[in-house]
Amino acid sequence: GLGLTAWLAGYAAAWRFDILKMYELYAALPPQPPPDCYIATAAARGHPQVVGSWLVQRANGKFMRVNRQLQILKCAELALMVVYPQLHKVVRRIYDVVGKALAARLRNPYLADAAYLLLLPWAGLVRWVLKSIVPDVDGIANRLYMN
């Protein structure tokens, strides 16, 4: 039992290191629009008082609405990219098709509000998992999609 516990602790520490290193490398990238989280981005365009969004200016000069949910879900994608790159590629390919189609239908702010509310449990679960691996995930998320 002790050997298994030590192995699991080492494995968790390696995950934490990889995820923190990935965030460090991501922060060092030149400023450019990050890959889209289609559904979460569309959900952030709901009513600001419901979704808690704010405007940020992207490197290309365009503005976009961002909220905490979008930041957390982007952190989850980046973590998945580091921890399970093959799984991330498969999920991303599927999401690029499905996510674009769903996001295109979220033009109405009320539909965006509904999408935000439907994503809340997922964002909460993702935040909890990330927080158990990287305690400062909130600080890292705050640096994503900043002005």
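Preceding block: the structure.
Enquirer: Please clarify how the pattern of salt bridges should be interpreted in this entry.
Expert: Where charged atoms of side chains with opposite charge meet at close range, the side chains can pair. By the definition in use, this model includes six salt bridges. Across the salt bridge formed by R92 and E77, the nearest N and O atoms sit 2.8 Å from each other. Taken as a pair, R92 in helix α5 (residues 85-104) and E77 in helix α4 (residues 68-83) lie far apart in primary sequence, 15 residues in all. No difference in accessibility class separates R92 from E77, as the two residues are buried. Residue K131 pairs with D138 through a salt bridge whose shortest N-O separation is 3.4 Å. K131 gets classed as partly exposed once you look at its relative accessible area, which sits at 32%. Given a relative accessible area of 18%, D138 falls into the buried group. One continuous salt-bridge network, built from bridges that share partners, spans R68, R127, K131 and D138.

Scoring rules and cut-offs
Residues numbered from 1 in each chain as written. Predicted model: local features only at pLDDT ≥ 70, side-chain atom pairs only at ≥ 80, totals over all residues. Heavy atoms only, no water. Salt bridge = Lys/Arg side-chain N within 4 Å of Asp/Glu carboxyl O. Helix = DSSP H or I, 4+ residues; strand = E, 2+ residues; numbered from the N terminus. Buried < 20%, exposed > 50% of the residue type's maximum accessible area, 1.4 Å probe, protein only.

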